[in-house]
Protein chains: 4
Amino acid sequence: MVNKKLRMGMVGGGSDAFIGAIHRRAALMENDIDLVCGCFSIDPEISLSSGRSYHISDNRIYKTYKEMFEKEALLPESERMDFVTIVTPNHYHFEPAMMALERGIHVVLDKPMTFSLEEAKLLQKKVEETGLVLALAHVYSGYPAVKEMKARIARGDLGKLRRLYVEYPQGWLAERIELQGGNNAGWRTDPKQTGKAGCIGDIGTHAWHLSEYVTGQKVIELCAELSTFVPGRPVDDDGVALLHYEGGLKGVLIASQIAIGEPNNIKLRIYGEKGGMEWRQQDPNYLILKWGNRPREIIDVGNNTFLGDFALWNVRTPAGHPEGFFEAFANIYRNFTKTVMALRNGEQPTESMLDFPNVYDGVRGMQFIETMVESGWKNDKKWQPWIE
Amino acid sequence: MVNKKLRMGMVGGGSDAFIGAIHRRAALMENDIDLVCGCFSIDPEISLSSGRSYHISDNRIYKTYKEMFEKEALLPESERMDFVTIVTPNHYHFEPAMMALERGIHVVLDKPMTFSLEEAKLLQKKVEETGLVLALAHVYSGYPAVKEMKARIARGDLGKLRRLYVEYPQGWLAERIELQGGNNAGWRTDPKQTGKAGCIGDIGTHAWHLSEYVTGQKVIELCAELSTFVPGRPVDDDGVALLHYEGGLKGVLIASQIAIGEPNNIKLRIYGEKGGMEWRQQDPNYLILKWGNRPREIIDVGNNTFLGDFALWNVRTPAGHPEGFFEAFANIYRNFTKTVMALRNGEQPTESMLDFPNVYDGVRGMQFIETMVESGWKNDKKWQPWIE
Amino acid sequence: MVNKKLRMGMVGGGSDAFIGAIHRRAALMENDIDLVCGCFSIDPEISLSSGRSYHISDNRIYKTYKEMFEKEALLPESERMDFVTIVTPNHYHFEPAMMALERGIHVVLDKPMTFSLEEAKLLQKKVEETGLVLALAHVYSGYPAVKEMKARIARGDLGKLRRLYVEYPQGWLAERIELQGGNNAGWRTDPKQTGKAGCIGDIGTHAWHLSEYVTGQKVIELCAELSTFVPGRPVDDDGVALLHYEGGLKGVLIASQIAIGEPNNIKLRIYGEKGGMEWRQQDPNYLILKWGNRPREIIDVGNNTFLGDFALWNVRTPAGHPEGFFEAFANIYRNFTKTVMALRNGEQPTESMLDFPNVYDGVRGMQFIETMVESGWKNDKKWQPWIE
Amino acid sequence: MVNKKLRMGMVGGGSDAFIGAIHRRAALMENDIDLVCGCFSIDPEISLSSGRSYHISDNRIYKTYKEMFEKEALLPESERMDFVTIVTPNHYHFEPAMMALERGIHVVLDKPMTFSLEEAKLLQKKVEETGLVLALAHVYSGYPAVKEMKARIARGDLGKLRRLYVEYPQGWLAERIELQGGNNAGWRTDPKQTGKAGCIGDIGTHAWHLSEYVTGQKVIELCAELSTFVPGRPVDDDGVALLHYEGGLKGVLIASQIAIGEPNNIKLRIYGEKGGMEWRQQDPNYLILKWGNRPREIIDVGNNTFLGDFALWNVRTPAGHPEGFFEAFANIYRNFTKTVMALRNGEQPTESMLDFPNVYDGVRGMQFIETMVESGWKNDKKWQPWIE
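Described below are features of the structure shown in this document. Every chain is numbered on its own, with residues counted from 1 as its sequence reads. Starting at A for chains and at 1 for ligands, labels are handed out in the order in which the entities are written. Whole-chain, interface and lining totals are the exception, using all residues; otherwise, since this is a predicted model, local features are given only for residues with pLDDT of at least 70 and side-chain atom pairs are given and counted only at 80 or more. The side-chain figures draw on all heavy atoms in the structure; neither hydrogens nor water molecules are used.

**Thoughts on the relation of the copies chain D and chain A**
Phase 1: For the least-squares superposition of copies, only C-alpha atoms count, and only for residues with pLDDT at least 70 in both. Note on the copies: chain D fits chain A at an RMSD of 0.0 Å, the axial shift is 0.0 Å, and the rotation between them is 180°. Here the copies are linked by what is in effect a two-fold axis. It is K382 of chain D whose C-alpha, among those of chain D, lies nearest the rotation axis, at 2.2 Å.
Phase 2: Most of the interface of chain D is mirrored in chain A, where 100% of its interface residues are also at the interface. Here, residues are in contact when the closest pair of their heavy atoms is within 4.5 Å.

As structure tokens, this is what we get:
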């Protein structure tokens, strides 16, 4: 039957995790997905108790993801998982993702896509071989106002783009809280789990992705400085970069996890020859338009206002009833779901359905990290070409 | 089994409705509810197609709510609906709600609770007789910042309360769009469907409820003016009132649907002897604290910040990742769900679980409408006592 | 010579006063006025030391205003004062103003214009007899954004006006600080000095005046409630009113001096059939335009932006360089000055020159106080006609 | 006499100029200065008509500044100018300033101080030789909120400083309006009049100065990129730089004149180990304090609030009555005036009196331009040491 729900499995996302609960709500909100199985924690006790609290029967709560993929494969096609959401630390992204793809299971991954660029390229190859769908949780591209920016730039409202400022200041790592345990800072600041970069991998990639998503232009070279402000921390906790995009756009990217007192203040400003735009995720339902020859405009996001079809497809409320982080996340799941359903039905997904970050964004994200690390810690060269 | 999901049915909420989709997402987000049946529209075609799109099997998509309640009663207890959500125009609230209560089914109702005060009192009586749970969708009380206001006032942070301003300006009825059809304005401006009041019933009740919820004080008399600014409209589209609360607090309530260009700008300000607070739903994750002897403070809503337990129970994200309208709605469903589950398990629901608008709020809401209408159209008396 | 500066005297405004220094800077900023004499305090010591600090020679620093007017009259016409600014408590407005007018001296008065309505009418009569100019310091009407609102409404941008909200919450009198001395609260809360009303006279009149100035409509009846929240205070410290304007506009006026934590948050919102506008004095250089069929607009006040001539006449900077309270005040002085200079030269002042609050605004302000007091403390009548 | 007003002359500032009128109002507002003479334009007609409109007698309106300095020197000491304000394009700063200093006349200069670094050093030498006072109009350091930031950092509120973002986006040069004439863009984009840098000299210096003023730390090296986005323009119209300060603080500086739709959005954010601060000149009366362990605070600038003495010295109103650009400017004049008066009286000026940008700031400003130009157009070196 065409309209059957998708069955979702999870790797990670136990009751002790932050981002897993975000994914779960985002996935389930639209009523097109059932959570049917999972290995929710490296600790089997937590996995079991978590799975039960998610109303999953014990026989589909697994001790390892290897076991999950093997046992699910033995279930009838009408029961087994259609896709897996992987929300583990970075060094546990690649293996379960590859296992899933090898078994015909679609994948949703948190970002950055992998631990290393090499792993990312292998995933890309496997996705291309299998024709399966891989979605990446660059959540900020899921906001309707962001999609409206993208659409307006694509149709030329701003004219030729000149200047871009993207920033993501956070303050939660202003002290070395990773030593205290019991929080999400541990693996994020451990190079063996998080990879070559700390702040730049965790939130710098979000800022970079947002800039490429909205402008439709790719970074070709950059000049970066990475810093570790908190003594003893083995990865960067702050970074800045000057960016050159194809097409002449120039950018400044700011990311910091020691900007004390800042929650998650990601913000994007773009200026072209004819106009500018501004958006900030902490007030995500306002899109500010700037002009040289008429007053500034503010569009309230809503399905009864002044958005084009590309953004409207991702809107659930009239203006003034704020949608937020979960709904942006849900837009990724929703478009991923519709794409998988279309493929299942032998149909070509529309452009709107395909509007979610994919394996190519994931590879570029790892290249961004490589390039930033190469430039950011060295002083002998000003401009570092993008590392493919 | 303790942790079994609740099974939800719906009256209304077809693909042509606005608020139904809000309820559905809010209900499903937490993964503790399954949507199992419904009569989604007065038009059987729309009901069927809507139900199918919600992945409900045809045998549980009903033509009338009467049929639904009768047929569901014949299902085994392990399958039949646990509660019903009713999201029809006001004149179709009472009958299905009463049918549900008579059959042991819990109820979630949109506001105002009924068409008339008499109906409301009958529902109250039935709820008291049956011990069933009735939740009312005064969504603004579901926001964590609002709950934090309530908790801080209850513990005396502001001292004795003096002055309150609550306002809900909207602009969508600035023209007589109800004549165009195809929108939600039709029944809302038709006294036969909406009841004695238009604007005051639709959004005035929200503003009033928010004020009583946060302060813990009840209105005892008021002086109102209702207006119809758009020619030909048979109900009020604007209202204001001066309010006296028990305990000496004085309020001003503003509600308008002709405040052109305003989305849903509900805002609450309260001032006591020792401090003040302010909150606005269009930027719902900021709670502003005002003091006489130290700087203004802004609390960013988040589970890692400066909220007390009462609010934190209703928070899903760290500060800076905005929760919005759906999550506020989801908090009503979540607490309702936990209350029903507790009762099912023979446990006493906690204060946090019981923190959702209930049948008593519904009765007071209808009394508010009565009192406003009595005062608002008459000029011979300044202060109108609350109509019980 | 046409372009000679005006010579200014002062009554009040010693070094111990707040509003005097505001007037002085506002008057001098434009380089068209010289401060030449004054009786700056009821205390001759303070008057003398203040005058010296203002670089005035001792022989023109007077012990009483009576002495000032008498002695200045003996000076050659080329030296004696052209106008007097009176910035004393309300009960000392009338006498010096009348003395000035009787001697051919123009007058700038702080608001409310007088202690009683009777005094106000006598001043009006005298102004009409003498043809002299009397300006009243309703400073908020001096802001360019406010003037732009007035001009846009006058030309019909908003269509027929429907709804107005004007509010002026302050918190500085949340405690009974008038008992401490050494501040401006003393006379403002003493009925023998301030008159019949406290809060409503001090800031309610500002809110009322702003509403009539911007809309060009006059209040014809109102329903008010005055309150005294701080025990023992002999005047109102809070008031609200529902307002009916000629032409069908309905308003809500809020004024409070016990809204703890609020600085001077005067704000005006107006909605018509075609659009709405909003302005707030604490961010005075933004004018918000609201529409039903296109995005909200924000005009940055500046001489290089999107203002009409009526407002531009009162602008000194390009957008983004904020003008504030002093410049709004200075606009009153500037237009007063240009009017006096034009009359001196036998010319007819232009509409732009005459754009400052005058004796008629002063009389209406006193009528507003009368009407508010009559309605605000009584409960037997809902609507109180404007008291002429 | 101790309290005698200062007599001010002007070079530039005719009726066709923008910044001259700013200086004039800022100087006169405090009633401690008289404008007595000037050469207001390179065009003698404009100079004459301007001077007359400023109420200056014809014999003290000069055709050239050379003539002014010579003739003024012949006047009795009790009449001749005490200081000169120079508000000409950059290439006409040095000569009149030097002439003034050589004649014992104090100087107020607009920024950047001179056309070249060499000229700046000569002025410094002359100031040191003569003991005269030279003030520089880095207006943003005149805002009370900025001074409060400086004082709080100096006393250690933020702990060791880590990260600074300073930005000054403007949009007025997004098109090549300098070709149209009749505006201030002409000389600012002509290297023969403005010097080596366009945007970086005009507003980049403001951003840089603000950062050093507030933090008390000096830039020691930087990595910059200058750009010219508008084709044909011979100077930069945009620049960015990564900054290293002595003491470990790292900064990002953004300046642009092609950020279309931005008025004058200069903004400063600083983060230390213990807290952060933010200020924005378009809303200048709010100072935002950010903390890791308690809510964000907002201080409303005002003489009745939570500012320390260093800032309070520069405040004129209670909170909520906004001071703006003129008052910030006036603070420079006020402190300059008090310093000159103190010196005249043989007294040592206090730290508060000396709180205005001086000749050393001017020299560093020119060094900043040199360093930015050296780094900003070259690609072979990442970090450019500060050019002394």
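**Let's talk about the side chain of N31 of chain B**
Phase 1: Labels follow the DSSP assignment, with helices taken as runs of H or I lasting at least four residues and strands as runs of E lasting at least two, numbered in each case from the N terminus. Within the secondary structure, N31 of chain B sits in the loop between α1 (19-28) and β2 (33-39).
Phase 2: For N31 of chain B, a relative accessible area of 6% puts it in the buried group.
Phase 3: A polar atom in the side chain of N31 of chain B sits 3.3 Å from the backbone oxygen of Y54 of chain A.
Phase 4: Non-local contacts of N31 of chain B, meaning those with residues more than four positions away in its chain, are made with L28, L35, Y54 and H55 of chain A together with K5 of chain B. Each residue is assigned to one of three classes by its accessible area relative to the maximum for its type, calculated with a 1.4 Å probe on protein chains only: buried under 20%, partly exposed between the two thresholds, exposed over 50%. Two N or O atoms count as a polar contact when they lie within 3.5 Å, although within protein this holds only if one can serve as hydrogen donor and the other as acceptor, and sequence-adjacent residues are included solely when both atoms are side-chain atoms.

**Some thoughts on the environment of V373 of chain C**
Residues and elements named next belong to chain C.
Phase 1: Position of V373 relative to the elements: it lies in helix α12 (residues 359-376).
Phase 2: You can call V373 buried: its relative accessible area is 17%.
Phase 3: Between the alpha carbons of V373 and D236 there is a distance of 9.2 Å; along the sequence they are 137 residues apart.
Phase 4: Ignoring sequence-local partners within four residues, the contact set of V373 consists of K196, A197 and L226.

**Quick notes on the packing of aromatic side chains**
Phase 1: In this scheme Phe, Tyr and Trp rings, the latter by its six-membered ring, pair at centre separations within 6.5 Å, and the angle between planes marks the pair as stacked below 30 degrees, edge-to-face above 60, and tilted otherwise. Under the criterion given, the structure shown has 45 aromatic pairs over all chains.
Phase 2: Considering the side-chain rings of F83 of chain D and F336 of chain D, the 5.0 Å spacing of their centres and the 70° angle between planes classify their relative orientation as edge-to-face. Residue F83 of chain D is found in strand β3 (residues 83-86), and its partner F336 of chain D is found in helix α11 (residues 325-344); the two are separated by 253 residues along the sequence.
Phase 3: Its relative accessible area of 0% is what places F336 of chain D among the buried residues.
Phase 4: Taken together, the ring pairs in this structure connect F83, Y333, F336 and F356 of chain A into an aromatic cluster.
Phase 5: One Lys or Arg, K150 of chain A, reaches over the ring of Y213 of chain A and ends 4.5 Å from the middle of that ring.
Phase 6: Criterion for a charge above a ring: Lys NZ or Arg CZ within 6 Å of the ring centre, and within 35 degrees of the ring normal. In this arrangement the basic side chain of R294 of chain C is found over the ring face of W291 of chain C, its NZ or CZ atom lying 3.9 Å from the centre.

**Things to note about the sheet that holds strand β1 (residues 6-11) of chain A**
Residue and element names in this part refer to chain A.
Phase 1: One open sheet accounts for five strands, arranged β2-β1-β3-β4-β5; its pairing is parallel. Of all the strands in the sheet, just β2 (33-39) and β5 (134-136) have a single pairing partner and so form its edges. Recorded for the sheet is a direction-independent mean angle of 20° between the axes of neighbouring strands.
Phase 2: In this description, strands pair whenever DSSP reports at least two bridges between them. Note that β1 and β2 share six bridges and pair parallel. Within β2, the residue paired with V11 across the bridge is C39. Fitted lines through C-alpha atoms give the axes, limited to the stretch in contact for helices. The angle between two N-to-C directions lies from 0 to 180 degrees.

**Here's the deal with the pattern of salt bridges**
Phase 1: Here, a salt bridge means any side-chain nitrogen of Lys or Arg that lies within 4 Å of a carboxyl oxygen of Asp or Glu. Considering all chains together, one arrives at 136 salt bridges over all chains under this definition.
Phase 2: Across the salt bridge formed by E178 of chain B and R233 of chain B, the nearest N and O atoms sit 2.8 Å from each other. Placement of E178 of chain B in the loop between β6 (161-169) and α7 (185-188) and of R233 of chain B in the loop between β7 (219-227) and β8 (238-245) is noted, with a sequence separation of 55 residues between them. Taken individually, E178 of chain B and R233 of chain B each receive the classification buried, so the pair is uniform in this respect.
Phase 3: Residues joined by salt bridges that share partners form a network here, namely R25 of chain A together with E30, R316, E323 and R334 of chain B.

**Regarding the interface of chain D and chain A**
Phase 1: Across the boundary between the two partners, chain D contributes 46 residues, which contact 46 residues of chain A.
Phase 2: Buried area, as used here, totals the accessible surface that two parts lose on assembly, with accessibility defined by a 1.4 Å probe and the loss added over both. Between chain D and chain A the total buried area reaches about 3,700 Å² when both faces are included, carbon and sulfur atoms providing 52% of it.
Phase 3: For the pair chain D and chain A, the number of links is eight salt bridges.
Phase 4: Of the charged contacts, one joins E225 of chain D and K250 of chain A as a salt bridge, the two residues approaching to 3.2 Å between their closest N and O atoms.
Phase 5: The interface formed by chain D and chain A includes 24 residue pairs in polar contact (both at pLDDT 80 or more).
Phase 6: Sorting the residues of the side of chain D that touches chain A by element identifies β6 (161-169), β7 (219-227), β8 (238-245), β9 (250-256), β10 (267-272), β11 (275-280) and β12 (286-291) of chain D as the ones contributing at least two each.
Phase 7: Any residue outside Ala, Val, Leu, Ile, Met, Phe, Trp, Tyr, Cys, Pro, Asp, Glu, Lys and Arg is labelled polar, Gly included; the first ten of those are nonpolar and the last four are charged. Tallied by class, the residues present in the side of chain D that touches chain A amount to 18 nonpolar, eleven polar and 17 charged.

**Points about the pairing of strand β7 (residues 219-227) of chain A**
All names here are of chain A.
Phase 1: A large share of β7 lies buried, amounting to seven of its nine residues.
Phase 2: Across eight bridges, β7 lies against strand β8 (residues 238-245) in antiparallel orientation. For V219, the partnering residue across the bridge sits in β8 and is Y245.
Phase 3: Here two bridges tie β7 to strand β14 (residues 384-385), and the two strands are oriented antiparallel to one another. Bridge assignment links E221 to a residue of β14, and that residue is P385.

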